[in-house]
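Per-entry structural report
Each chain, letter by letter, is given below.
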Amino acid sequence: MSSREGRSRRKFGRIDPYCLMAVLPVLLVAGILGSLVNVLLGLGCAVFAGLILLFDSWANRPGPPPPEPARRPVRQAQARPPARDPGRPPVRQQARGPRPPAGRAPAPARAPVRRAGPPPAAR
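Everything numeric in this text was worked out from a predicted model, so none of it was measured.

What to know about the overall build of the protein
Regarding its fold elements, the protein presents two helices and zero strands. When the 123 residues of the protein are sorted by exposure, 7% land in the buried category. Within the protein, contacts between residues at least 6 apart in sequence are counted, and of these 73% link residues at least 24 apart. Carbon and sulfur atoms make up 60% of the accessible area of the protein, which totals about 12,800 Å².

Laid out in structure tokens, this is it:
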């Protein structure tokens, strides 16, 4: 399955507020340069600030959507065993393993092991 199939990923995301710490000073310099030195130089700095915002928005775009879960087939009801004849005795089921002897108490819990601490400090 190629990346172009299914739902598409958004191109841009939210702008990080900390990105404005880089963009606002560049815009301030662009305004000063545009008004005092050269308008084209100021516009160039403003475009650079816009590119910073555009890159930040692109870098913070949301991840790809999760894949749709595969549809599992519906389980059909298992067939019941046929009912026993009323004249036959019931079939005895085998035990699933050895059973613990009846009347035996569980083993007592052990006390925690105490470890020796560091030696006392010398005076």
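Concerning the side chain of S57
With respect to the helices, strands and loops of the structure, S57 is situated in helix α2 (residues 39-59). Using a relative accessible area of 8% as the deciding quantity, one classes S57 as buried.

Overview of a nonpolar patch on the surface
A cluster of nonpolar residues, F12, V47, L51, L54, F55 and W58, forms a patch on the protein surface that exposes about 620 Å² of accessible area. With respect to the secondary-structure elements, L51 resides in helix α2.

Remarks on the environment of R9
Mapped onto the secondary structure, R9 falls in the segment before α1 (20-37). R9 sits in the partly exposed class, given a relative accessible area of 35%. For the pair R9 and P65, spaced 56 residues apart in the sequence, the C-alpha separation amounts to 6.9 Å. Every residue in contact with R9, bar those within four places of it in the chain, is listed here: R61, P62, G63 and P64.

Looking at the packing of α1 against α2
Where α1 contacts α2, the axes come no closer than 7 Å and their chain directions differ by 165°. Here α2 runs roughly antiparallel to α1, going by the angle between their axes. Crossing handedness for the pair α1 and α2: left-handed. Here α1 contributes L20, V23, V26, L27, A30, L33, G34 and V37 to the contact with α2, which in turn contributes V39, L41, G42, C45, A46, F48, A49, I52 and L53.

Points about α2
In this model, α2 (21 residues) spans 30 Å end to end at C-alpha, consistent with the 30 Å of a helix rising 1.5 Å per residue. Taken together, the buried positions of α2 are G42, A49, D56 and S57. For α2, the arc enclosing every buried residue in end-on projection is 105°, short of the 170-degree limit, so these residues lie on one face. Opposite the buried face of α2, by more than 90 degrees, sit the exposed residues L40, V47 and F55. For α2, the side-chain oxygen to backbone nitrogen distance between the N-cap and L40 is 3.2 Å, and the N-cap itself is N38.

About the thresholds
Residues numbered from 1 in each chain as written. Predicted model: local features only at pLDDT ≥ 70, side-chain atom pairs only at ≥ 80, totals over all residues. Heavy atoms only, no water. Helix = DSSP H or I, 4+ residues; strand = E, 2+ residues; numbered from the N terminus. Buried < 20%, exposed > 50% of the residue type's maximum accessible area, 1.4 Å probe, protein only. Contact = heavy atoms within 4.5 Å. Areas by Shrake-Rupley, 256 points an atom, 1.4 Å probe, with all protein chains shown as cover. Patch = residues over 30% accessible without salt bridge, like charges linked within 9 Å, V, L, I, M, F, W, Y side chains within 5 Å. Salt bridge = Lys/Arg side-chain N within 4 Å of Asp/Glu carboxyl O. Axes fitted to C-alpha atoms, helices over the stretch in contact; angles between N-to-C directions. Parallel < 35°, antiparallel > 145°, perpendicular 65-115°, else oblique. Left-handed = near helix turned anticlockwise from the far one by under 90°. Expected span 1.5 Å × (residues − 1). Arc of directions from axis to C-beta. Polar contact = N/O pair within 3.5 Å; in protein donor to acceptor, adjacent residues only side chain to side chain.

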